[in-house]
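Residue-level structural notes
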Number of protein chains: 2
Amino acid sequence: MLTTLTVQQFLTELAKGSATPGGGSAAGLAGAQGAALLAMVCNLTIGRKKYAEVETEMQAALDRVERLRLRLMELIEEDTRAFDGVMAAYKLPKDTPEQKAARSAAIQAGLKEATRTPMETLKTCVDVLELAPTVVSKGNPNVVSDGGAGVLSAHAGMMIAALNVRINLNAIKDEDFVAEQKAEMDALIARGDAAKAQAWAIVAERLGM
Amino acid sequence: MLTTLTVQQFLTELAKGSATPGGGSAAGLAGAQGAALLAMVCNLTIGRKKYAEVETEMQAALDRVERLRLRLMELIEEDTRAFDGVMAAYKLPKDTPEQKAARSAAIQAGLKEATRTPMETLKTCVDVLELAPTVVSKGNPNVVSDGGAGVLSAHAGMMIAALNVRINLNAIKDEDFVAEQKAEMDALIARGDAAKAQAWAIVAERLGM
């Protein structure tokens, strides 16, 4: 399990000359880090008299962002497993026409699966970003830089996941699938960009930037 | 040590309602992840006949990016220690005018130290970004999405570090120090943005974006 490695070991695995773990798992970690930083802001707001008015809202945001963080941590693993499936398909025999056809079908099926995983990572990062405007506007202003750090991390996770969607789509022959996935990705990125811009404006104002 | 925690434990510590670890350590992790992903691209290029022409250059980039990754991993720890110093200063007694003056001086000294650490993280992320155009243009094109992921991670690390510099500068009374640090930060960010734009154009072209 990648997430039961130490931080040092995980980064060393990432740096190695093997195809996995790679960008897809890195997207999951960036997203999970973003969720954790927003959870930190919620936790430093909840239970303080000064912020009693926003307590219910911050507790709801915390519950939600913690669920997203756990899902992103699972996606760190799932992305590497999905890509390992593609690598295994490439190693199938290709001596006869039947073998060639079976291998090609396995590669295409593997690539579709390896596209769905970063797409879910992308979507989960967008869900984190959409919680951010509430967290950074209503949370404890003393830790607004940590909230801003969460926004930047989750947005990086979204963008990294998109790179992984794209590189897989480039190798997929099913044009309908490619068009459908591209449309879904573009719509998600537009939502994530809008949420980031909204949250960032609040962070910048609160920091006097 | 934060980097000898598992990835799960580190993220749980980050999410908790304590001031550290926070954005400063998150900046170090984002930067280290960026360095690791660029190292991955180098490692998947070096030793392959097809890329023999760029072998020396990629080996030099790998050596450098791996040193930067190790430094960023140290900065994950150092940022938390520096901020713990500020927190300790805030807890000093303030019953007499002498105590008040000593406490205030300790807070100001702590804040300066807590500014220098994210500034070094910021600078180290910029160093990573400045290696990126070479790595993504000359490295194995099959892993260009991982190179792009490295660019996005290192850039997020730079931006997160800048938030931590800013929030500390907001509380520092020494105007010369503040002006000098802001100028240094702006110059570093301009370098980082330029390197990111250069690397990103190559990634986008290679991915047919």
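To be clear, the structure that these remarks concern was listed above.
Not measured: the values here are computed from a predicted model.

For the pair chain A and chain B, the relating rotation is 180°, the translation along its axis is 0.0 Å, and the fit reaches an RMSD of 0.0 Å. Viewed as a symmetry operation, the transformation between the two copies matches a two-fold axis. When C-alpha distances to the rotation axis are compared across chain A, the minimum falls at Thr-6 of chain A, with a value of 1.9 Å. When the interface residues of chain A are mapped onto chain B, 100% of them are again interface residues, pointing to one common binding face.

Taken residue by residue, the interface counts 54 residues in chain A and 54 residues in chain B. Summing both sides of the interface, chain A and chain B together bury roughly 4,200 Å²; the carbon and sulfur share of this comes to 70%. When the buried surface of chain A facing chain B is broken down by residue, Val-7, Gln-33 and Leu-163 of chain A rank first, second and third, together holding 15% of it. On the surface where chain A and chain B come into contact, there are zero salt bridges. Counting the contacts that link chain A with chain B gives 16 residue pairs in polar contact (both at pLDDT 80 or more). Mapped by element, the contributors of at least two residues to the side of chain A that touches chain B are α1 (7–15), α2 (23–43), α3 (55–90), α5 (144–169) and α6 (175–206) of chain A.

Our next topic: the environment of Leu-29 of chain B. Within the secondary structure, Leu-29 of chain B is located in helix α2 (residues 23–43). Judged by its relative accessible area of 4%, Leu-29 of chain B is buried. Sequence separation between Leu-29 of chain B and Asp-79 of chain B is 50 residues, and the spatial gap between their C-alpha atoms is 11 Å. If we ignore the near neighbours within four places in the chain, the residues touching Leu-29 of chain B are Val-7, Leu-11, Leu-29 and Gln-33 of chain A together with Phe-10 and Ile-76 of chain B.

Residues and elements named next belong to chain A. Inspection of the entire model under this criterion finds 24 salt bridges over all chains. The shortest N-O distance in the salt bridge between Arg-69 and Glu-66 comes to 2.7 Å. Taken as a pair, Arg-69 and Glu-66 lie in helix α3 at a separation of three residues, close to a single helical turn. Here Arg-69 falls in the buried class, since its relative accessible area comes to 5%. The salt bridge involving Arg-191 is made with Glu-130; its shortest N-O contact spans 2.9 Å. With Arg-191 in helix α6 and Glu-130 in helix α4 (residues 97–138), this residue pair connects regions lying 61 residues apart in the sequence. Via salt bridges that share partners, Arg-64, Lys-123, Asp-127, Glu-130 and Arg-191 belong to a single interconnected network.

Turning our eyes to something else, we now look at the nonpolar core. Counting residues in each nonpolar core, the largest one holds 145 residues, and the members touching the most others are Leu-11 and Leu-122 of chain A together with Leu-11 and Leu-122 of chain B. Every residue in contact with Leu-11 of chain B, bar those within four places of it in the chain, is listed here: Leu-29, Ala-32, Gln-33, Ala-36, Arg-69 and Met-73 of chain A.

So, about helix α4 (residues 97–138) of chain B. An ideal rise of 1.5 Å per residue puts 62 Å on 42 residues; α4 of chain B measures up with 63 Å between its terminal C-alpha atoms. Along its length, α4 of chain B shows its largest kink, about 35°, at Leu-131 of chain B, and proline Pro-133 of chain B lies within four residues downstream of that point.

Time to look at the packing of aromatic side chains. Tallied over the entire structure, the rule returns zero aromatic pairs over all chains. In this structure, Lys-112 of chain A is placed above the aromatic ring of Phe-177 of chain A, and the distance from its NZ or CZ to the ring centre is 5.1 Å.

Here the focus is empty space enclosed by the protein. Per the stated rule, a full pass over the model turns up one cavity of 30 Å³ or more. Taken together, Leu-29, Ala-30, Gln-33, Ser-153, Ala-156 and Ile-160 of chain A together with Leu-29, Ala-30, Gln-33, Ser-153, Ala-156 and Ile-160 of chain B form the lining of the largest cavity. Secondary structure elements with two or more residues in the lining of the largest cavity: α2 and α5 of chain A together with α2 and α5 (144–169) of chain B. For the lining of the largest cavity, a count of residues per class yields eight nonpolar, four polar and no charged.

Bringing the packing of helix α3 (residues 55–90) of chain B against α4 of chain B into the picture now. Residues and elements named next belong to chain B. For the pair α3 and α4, interaxial distance at closest approach is 9 Å and the crossing angle is 160°. On the basis of the axis angle, α3 is roughly antiparallel to α4. For the element pair α3 and α4, the recorded crossing hand is left-handed.

All names here are of chain B. Tracing the backbone through its elements, the reader meets Asn-168 in helix α5. The buried category is assigned to Asn-168, whose relative accessible area is 6%. What Asn-168 contacts, discounting residues up to four positions off in sequence, is Phe-83, Leu-111, Ala-114, Thr-115 and Pro-118.

Linking two cysteines covalently through their sulfur atoms gives a disulfide. Residue and element names in this part refer to chain A. According to the stated counting rule, one finds zero disulfides over all chains in the structure shown. Among the cysteines around Cys-42, which has no disulfide bond, Cys-125 carries the closest sulfur, lying 17 Å off. A residue is classified by how much of its surface remains accessible, and Cys-42, at 0% relative accessible area, is buried.

Quick notes on the rules
Residues numbered from 1 in each chain as written. Chains lettered and ligands numbered in written order. Predicted model: local features only at pLDDT ≥ 70, side-chain atom pairs only at ≥ 80, totals over all residues. Heavy atoms only, no water. Least-squares fit on C-alpha atoms with pLDDT ≥ 70 in both. Contact = heavy atoms within 4.5 Å. Buried area = accessible area lost by both parts, 1.4 Å probe. Salt bridge = Lys/Arg side-chain N within 4 Å of Asp/Glu carboxyl O. Polar contact = N/O pair within 3.5 Å; in protein donor to acceptor, adjacent residues only side chain to side chain. Helix = DSSP H or I, 4+ residues; strand = E, 2+ residues; numbered from the N terminus. Buried < 20%, exposed > 50% of the residue type's maximum accessible area, 1.4 Å probe, protein only. Core = buried A, V, L, I, M, F, W, Y, C linked by side-chain atoms within 4.5 Å. Expected span 1.5 Å × (residues − 1). Bend = angle between axes of the 7 residues up to and from the residue. Phe/Tyr/Trp six-rings, centres within 6.5 Å; stacked < 30°, edge-to-face > 60°. Lys NZ or Arg CZ within 6 Å of the ring centre and 35° of its normal. 1 Å grid on protein atoms, 1.4 Å probe; cavity = no way out; pocket = protein on both sides within 12 Å on 5 of 7 lines; lining within 4 Å. Points joined across faces, edges and corners; volume = space filled by probe spheres on them. Nonpolar A, V, L, I, M, F, W, Y, C, P; charged D, E, K, R; others polar. Axes fitted to C-alpha atoms, helices over the stretch in contact; angles between N-to-C directions. Parallel < 35°, antiparallel > 145°, perpendicular 65-115°, else oblique. Left-handed = near helix turned anticlockwise from the far one by under 90°. Disulfide = S-S within 2.5 Å.

Shape descriptors only; they carry no functional weight alone.
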